[in-house]
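Here's the letter readout for the chains.
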Amino acid sequence: MKLTHWLIACSAIACMTSCDPNRLYEQNQTIEGDAWDQNDIKTFNIDIPDTVQPYNVFINIREATGYPFSNLFLFVTTTFPNQKALTDTVEIMLKDQSGESMGSGLGDIWDHQVMWKHAVRFPQAGTYRISLQQAMRVEKLPLIMDVGIRVAKFENE
């Protein structure tokens, strides 16, 4: 990754993760070589302290200009503290109908934070494992740079 890309990425991460009292968890993982292999499953371990508090769960995606698709399909597997697992197929729209990125960006890097679960209550306290696997019909998905998970307390507005 070029130095300018690295600096922009660090700035974006700092902005996304700074001073948010509702954030319980946020972690992003780098995709090596900016090409996400179908067998490269990114896993996040999240400690959920109680079953009463509702949370919003987001999927974070960082893509580079030139990403060849308007969307991204993911297999999202949630493993509960009791080791039971559920897998969802999730579609994330990255570009609008005109081909413009729907994320926030600087230069040629675009960040997307997409709501996956709204006001969800976790049924068990403990450590949940959320795994992300790209589910596109391409073995190595180009220009995806980072993926992540964010869990924030849901607040009634």
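Note that the structure is a prediction, hence the values are computed from the model and not measured.

Topic: the environment of Thr127
The topology assignment puts Thr127 in strand E9 (residues 126–134). Counting along the chain gives 46 residues from Thr127 to Pro81, while the straight-line C-alpha distance between them is 5.4 Å. Contact partners of Thr127, with chain neighbours within four places excluded, come to Asn45, Ile46, Asp47, Thr79, Phe80 and Pro81. For Thr127, the side chain forms a polar contact with the side chain of Asp47, separated by 2.4 Å.

Remarks on the packing of aromatic side chains
For the structure on display, the rule yields four aromatic pairs. Relative to Phe69, the ring of Tyr67 lies with its centre 5.7 Å away and its plane at 70°, an arrangement referred to as edge-to-face. For Tyr67, a relative accessible area of 1% translates into the label buried. The class for Phe69 is partly exposed, based on a relative accessible area of 28%. Connected via pairs of aromatic rings, a cluster forms that spans Tyr55, Phe80, Phe122 and Tyr128.

Overview of the sheet that holds strand E8 (residues 109–120)
The five strands lie next to each other as E1-E11-E4-E8-E7, forming an open sheet whose pairing is antiparallel. Lying at the two open borders of the sheet, with one neighbouring strand each, are strand E1 (23–30) and strand E7 (104–106). Strand-to-strand, the axes of this sheet are offset by a mean angle of 15°, without reference to chain direction. Where strand E4 (residues 55–64) lies against strand E11 (residues 144–153), nine bridges are found, and the strand directions are antiparallel.

Parameters at a glance
Residues numbered from 1 in each chain as written. Predicted model: local features only at pLDDT ≥ 70, side-chain atom pairs only at ≥ 80, totals over all residues. Heavy atoms only, no water. Helix = DSSP H or I, 4+ residues; strand = E, 2+ residues; numbered from the N terminus. Contact = heavy atoms within 4.5 Å. Polar contact = N/O pair within 3.5 Å; in protein donor to acceptor, adjacent residues only side chain to side chain. Phe/Tyr/Trp six-rings, centres within 6.5 Å; stacked < 30°, edge-to-face > 60°. Buried < 20%, exposed > 50% of the residue type's maximum accessible area, 1.4 Å probe, protein only. Pairing = 2+ DSSP bridges. Axes fitted to C-alpha atoms, helices over the stretch in contact; angles between N-to-C directions.

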